[in-house]
Amino acid sequence: MEKYWICYINPWNVLPCFHCIGAAAQMEASMQIHSNIIFPVEIIGTIAFASSGAMVAVRKRLDLFGIIVLGVITAVGGGMLRDLMIGNIPPNMFKNPVYVLAAFLTVIVLFLLFRRWPFLLASHYMEEYERVMNILDAIGLGAFTVIGIDTGIDAGYGDYYF
């Protein structure tokens, strides 16, 4: 596939100029950094939020279906609502289901773990779990805030300030 270059400095130039090549390389490097850094942080946040929702359901002694619903909705429900409010239809969770899959697997692992060894809910391991989850929740909250802002700007809401 052939790339057509439109130079913003000299629009009559049909060949790539040095300015455009540099801008394209910089954009490509920026996108590579985005995928190398943001994606793992998104997955960490998704796992943390799914775990948080699933733990509430486990403590309330819900069945497997209730644990799955609460865990997955906690993990990806905010992004779905954001996409619906800004008109991004279908929401990203349906376009790229890797986040739903990560949330689902997290919920299943927690369900099996606490059904197999229910004494873990009342043990000293829960204090360590809560401490780690606070850190992961903070990482997820920061990542999802930045991603939400970026999604809003991409949708054309960059000029609206609060």
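Everything below is about the structure printed above this text.
Presented here is an overview of the structure given in this document. (Residues numbered from 1 in each chain as written. Predicted model: local features only at pLDDT ≥ 70, side-chain atom pairs only at ≥ 80, totals over all residues. Heavy atoms only, no water.)

**Topic: the overall build of the protein chain**
Let me state the cut-off plainly: Where helices and strands are cited, they refer to DSSP runs of H or I of at least four residues and of E of at least two residues respectively, numbered from the N terminus. Throughout this description, buried means an accessible area under 20% of the type-specific maximum (1.4 Å probe, protein chains only), exposed means over 50%, and partly exposed covers the range between. The method behind every accessible area is Shrake-Rupley, applied with a 1.4 Å probe, and residues are considered shielded solely by the protein chains displayed.
Looking only at helices and strands, one finds five helices and zero strands in the protein chain. Each helix (α) and strand (β) of the protein chain, taken in turn from the N terminus, gives the series α-α-α-α-α. Burial statistics for the protein chain: of 162 residues in total, 28% are counted as buried. Carbon and sulfur atoms make up 69% of the accessible area of the protein chain, which totals about 11,500 Å².

**Looking at the side chain of Thr106**
The criterion, for reference: For this analysis, residues touch if any pair of their heavy atoms sits within 4.5 Å.
Inspection of the secondary structure assignment puts Thr106 in helix α4 (residues 98-116). Once residues within four sequence positions are removed from consideration, Thr106 is found in contact with Ile47, Ala50 and Ser51.

**With respect to a nonpolar patch on the surface**
Formally: A residue counts toward a patch only above 30% relative accessible area and without a salt bridge, and it is joined to like-charged neighbours within 9 Å or, for Val, Leu, Ile, Met, Phe, Trp and Tyr, to nonpolar neighbours within 5 Å. Salt bridges, as used here, are contacts in which a Lys or Arg side-chain nitrogen is within 4 Å of a carboxyl oxygen on Asp or Glu.
On the surface, a cluster of nonpolar side chains totalling about 460 Å² of accessible area is made up of Leu81, Leu84, Met85 and Ile89. Here Leu84 lies in helix α2 (residues 64-86).

**Things to note about the layout of surface pockets**
Operational definition: Any residue with an atom within 4 Å of a point lines the site, the site being either a cavity, points on a 1 Å grid over the protein atoms alone where a 1.4 Å probe fits but cannot get out, or a pocket, an open set with protein on both sides within 12 Å along at least 5 of 7 lines. Grid points are joined across faces, edges and corners, and a volume is the space filled by probe spheres set on the points. In this classification, Asp, Glu, Lys and Arg are treated as charged, Ala, Val, Leu, Ile, Met, Phe, Trp, Tyr, Cys and Pro as nonpolar, and every other residue, Gly included, as polar.
Empty space within the largest pocket amounts to approximately 620 Å³. Lining the largest pocket are 26 residues, and of these Glu42, Gly79, Arg82, Phe144 and Ile147 lie nearest its centre. When contributions to the lining of the largest pocket are tallied by element, the ones reaching two or more residues are α1 (18-59), α2, α3 (92-95) and α5 (125-157). By residue class, the composition of the lining of the largest pocket is 11 nonpolar, 10 polar and five charged.

**Regarding the pattern of salt bridges**
This structure, assessed with the given rule, holds three salt bridges. As a salt-bridge pair, Arg82 and Asp83 come within 3.0 Å of each other at their nearest N and O atoms. Of the residues examined, Asp83 reaches a relative accessible area of 1% and is grouped as buried.

**Things to note about the nonpolar core**
Note the threshold: Here the nonpolar core consists of buried residues drawn from Ala, Val, Leu, Ile, Met, Phe, Trp, Tyr and Cys, with membership extended through side-chain atoms lying within 4.5 Å.
In terms of nonpolar packing, the biggest core is built from 25 residues, with Ile67 and Phe114 touching the most fellow members. Elements with a minimum of two residues in this core: α1, α2, α4 and α5. Discounting chain neighbours no more than four positions away, the residues touching Ile67 are Ala54, Ala57, Val58, Leu62, Val107, Phe111 and Arg115.

**A look at α4**
Defined as follows: To estimate how far a helix should extend, the number of its residues minus one is multiplied by 1.5 Å. Taking the helix axis as origin, the arc is that swept by the directions to the C-beta atoms.
Between its first and last C-alpha, α4 extends 27 Å over 19 residues, near the 27 Å set by a 1.5 Å rise per residue. Residues Tyr99, Ala102, Ala103, Thr106, Val107, Leu110, Phe111 and Phe114 constitute the buried set of α4. Buried residues along α4 cover an arc of 165° about the axis, so they all sit on one side. Seen from the open side of α4, the exposed residues pointing more than 90 degrees away from its buried face are Val109, Leu112 and Arg116.

**Details of the packing of α2 against α4**
Counted only if it meets this: Here the axes come from fitting lines to C-alpha atoms, over the contacting stretch only for helices, and the angles between their N-to-C directions go from 0 to 180 degrees. Orientation labels follow simple angle bins: below 35 degrees gives roughly parallel, above 145 gives roughly antiparallel, 65 to 115 gives roughly perpendicular, and whatever is left gives oblique. In this scheme, a crossing is called left-handed if the near helix is turned counterclockwise away from the far one by less than a right angle; it is called right-handed if the turn is clockwise.
Closest axis-to-axis distance for the α2/α4 pair is 9 Å, and the angle between their directions is 140°. Accordingly, the angle class assigned to the pair α2 and α4 is oblique. The way α2 lies across α4 gives a crossing that is right-handed. Along its contact with α2, which presents Leu64, Ile67, Ile68, Gly71, Val72, Ala75 and Val76, the element α4 presents Tyr99, Val100, Ala103, Phe104, Val107, Ile108, Phe111 and Arg115.

**Focus: the packing of α2 against α5**
The geometry of α2 relative to α5 is characterised by a closest axis approach of 10 Å and an angle of 15° between their N-to-C directions. Between α2 and α5, the interaxial angle falls into the category roughly parallel. Crossing geometry of α2 relative to α5 is assigned as right-handed. Listed contacts from α5 to Arg82, Asp83 and Ile86 of α2 are Ile147, Gly148, Thr151, Ala155 and Tyr157. Broken down by class, the residue content of the contact of α2 with α5 amounts to four nonpolar, two polar and two charged.

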